[in-house]
Amino acid sequence: MTQPDSTPPTADLPLYSPARVRYLLTRHGLRPTKSLGQNFLIDGNILRAIAEAGGAAPGVPVLEVGPGLGVLTREIASRGAQVTALEKDERLKPVLVETLAGLDVNVVWGDALDFDYASLPEGTRVIANLPYYITGVLLSRFMGAPGVLSATVLVQKEVAQRLAAHPGDDNYGFLSALAALHGSVRHVRDVPRGAFLPAPDVTSSVVRLDFDRTRPLPDPAFLKFVEAALHHRRKTLRNNLRLAGFQGEAVAGALEAAGLRPDVRAEDVPLSHLLDVARRLGVVR
């Protein structure tokens, strides 16, 4: 008697192909969870571009957050990188066992917000399709981890624009300042909605953040000051600082001494000038 062919009908297709992604989801009884930001990449050119821009290469330690079905994970690991992948959704265990078979990938099950990023080895590069709902928090964690050299991430286009913005730009805010205090940002490419399954509601972008580890990490007190200064867009720096609890006369004196107009908007002020104001207000030395 002839045995039935147990080979999956999509076995010859690349892992990122829409047909194979749909097959995996159906066979494992899964539906992408919007609350976890699960939008799976189905474009091979973009996968390769992310891995290339992120520096995935033999022996390079790479951290991925949210591997999902393992599509990007497999692309990174196939280039010889030493991959650690953080995944919260334990329903994906049997899928990742299948899709990452034969690859040296360490999957850590748990919430990315609870992970100790300071434990990452020196020279780690983050390469990830980040869950959009925790993008800002995760980026700040990467920035504060001494072992992380860079983060090449797929994020909402609006977030990418904020990351790359400079003082005076429409999109400039605390996230822009945070990125500049830790290093530099480079836009890699935009990613259309059709590159995902299911398609998200927004256009996305790939950006690479390089962290200058020759600099000391920014003073936490100054970071808190910058966040307060930029908290309310379109308000003057003076008003933002008064709302943060600083005395009006002290703020006015600090602005004048720093050579800033009393009606200057916070998002128009370079970080060097904000540091000058913070020093005059006794926030930092």
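Residues numbered from 1 in each chain as written. Predicted model: local features only at pLDDT ≥ 70, side-chain atom pairs only at ≥ 80, totals over all residues. Heavy atoms only, no water.

Focus on the packing of aromatic side chains
Considering all chains together, one arrives at four aromatic pairs under this definition. With 5.8 Å between their ring centres and 80° between their planes, Phe-225 and Phe-246 make a pair best called edge-to-face. Separated by 21 residues along the polypeptide, Phe-225 in helix 8 (residues 220-229) and Phe-246 in the loop between helix 9 (237-243) and helix 10 (248-257) bring together distant segments of the chain. The exposure class of Phe-225 is buried, given its relative accessible area of 3%. (Phe/Tyr/Trp six-rings, centres within 6.5 Å; stacked < 30°, edge-to-face > 60°. Helix = DSSP H or I, 4+ residues; strand = E, 2+ residues; numbered from the N terminus. Buried < 20%, exposed > 50% of the residue type's maximum accessible area, 1.4 Å probe, protein only.)

Brief notes about the pattern of salt bridges
Scanning the entire structure with this criterion turns up 15 salt bridges. Arg-280 is the partner of Asp-276 in a salt bridge, and the nearest nitrogen-oxygen pair spans 2.9 Å. Taken together, the residues span about one helical turn, with Asp-276 and Arg-280 both in helix 11 (residues 271-280) at a distance of four residues. Salt bridges sharing common partners tie together Arg-234, Arg-265, Glu-267 and Asp-268. (Salt bridge = Lys/Arg side-chain N within 4 Å of Asp/Glu carboxyl O.)

Focus on unusual backbone geometry
Cis rather than trans, the peptide bond between Leu-197 and Pro-198 has omega equal to -10°. Along the chain, Pro-198 falls in the loop between strand 8 (196-197) and strand 9 (204-211). Here Arg-234, not a glycine, exhibits a phi torsion of approximately 75°, which is positive. Structurally, the position occupied by Arg-234 is in the loop between helix 8 and helix 9. Given a relative accessible area of 47%, Arg-234 falls into the partly exposed group.

Examining the nonpolar core
Formed by 54 residues in total, the largest nonpolar core has its most connected members in Val-65, Tyr-117, Phe-142 and Leu-237. Once you skip the residues sitting within four places of it in the chain, Leu-237 turns out to touch Ala-229, Leu-255, Leu-260, Val-264, Arg-265, Ala-266, Val-269 and Leu-274. With 36 residues, the next largest nonpolar core counts Leu-15, Val-21, Ala-51 and Ala-195 among its residues. (Core = buried A, V, L, I, M, F, W, Y, C linked by side-chain atoms within 4.5 Å. Contact = heavy atoms within 4.5 Å.)

Quick look at the sheet that holds strand 5 (residues 124-129)
Taken in spatial order, the seven strands make up an open sheet running 4-3-2-5-6-9-7, and their pairing is mixed. Looking at the sheet topology across the chains shown, the edges are occupied by strand 4 (105-109) and strand 7 (183-191). Within the sheet, the average angular offset between the axes of one strand and its neighbour, ignoring direction, is 20°. Taken together, the five bridges between strand 3 (residues 82-87) and strand 4 define a ladder with parallel strand orientation. From the neighbouring strand, Leu-86 faces strand 4, where its bridge partner is Val-108. Against the sheet, helix 2 (residues 44-54) engages strand 5, strand 6 (148-156), strand 7 and strand 9, with an angle of about 170° to strand 7. Sheet strands in contact with helix 7 (residues 174-182) are strand 7 and strand 9, and its direction is about 125° off that of strand 7. (Pairing = 2+ DSSP bridges. Axes fitted to C-alpha atoms, helices over the stretch in contact; angles between N-to-C directions.)

Here we look at the side chain of Asp-89
Secondary-structure assignment places Asp-89 in the loop between strand 3 and helix 4 (93-99). At a separation of 2.7 Å, a polar atom in the side chain of Asp-89 contacts the side chain of Arg-91. (Polar contact = N/O pair within 3.5 Å; in protein donor to acceptor, adjacent residues only side chain to side chain.)

Focus: the packing of helix 8 against helix 11
Packing of helix 8 against helix 11 leaves a shortest axis separation of 11 Å and a crossing angle of 110°. In this view, helix 8 runs roughly perpendicular relative to helix 11, as classed from their interaxial angle. Within the contact between the two elements, helix 8 uses Phe-222, Phe-225, Val-226 and Ala-229 and helix 11 uses Leu-271, Leu-274, Leu-275, Val-277 and Ala-278. (Parallel < 35°, antiparallel > 145°, perpendicular 65-115°, else oblique.)

Digging into the environment of Arg-79
With respect to the helices, strands and loops of the structure, Arg-79 is situated in the loop between helix 3 (71-77) and strand 3. On the basis of relative accessible area, Arg-79 is assigned to the partly exposed category, the value being 23%. Every residue in contact with Arg-79, bar those within four places of it in the chain, is listed here: Arg-48, Ala-51, Glu-52, Ala-56, Ala-57 and Pro-58. Within polar-contact distance, the side chain of Arg-79 engages the side chain of Glu-52 at 2.9 Å. A distance of 3.0 Å separates a polar atom in the side chain of Arg-79 from a polar atom in the side chain of Glu-75.

Focus on the environment of Leu-154
By the element assignment, Leu-154 lies in strand 6. For Leu-154, a relative accessible area of 0% corresponds to the buried category. Sequence-wise, Leu-154 and Asn-129 are 25 residues apart; in three dimensions their C-alpha atoms are separated by 4.6 Å.

A closer look at helix 10
Note on helix geometry: an α-helix contains 3.6 residues per turn, so any two residues three or four positions apart are oriented the same way. Looking only at helix 10, the buried set comprises Val-251, Ala-254 and Leu-255. One side of helix 10 carries all its buried residues, which in axial view fall inside an arc of 100°. Facing away from the buried surface of helix 10 by more than 90 degrees, the exposed residues are Glu-249 and Glu-256. Where the residues of helix 10 are buried, they touch helix 9 and helix 11. (Arc of directions from axis to C-beta.)

By themselves, these observations are geometric and do not establish any function.
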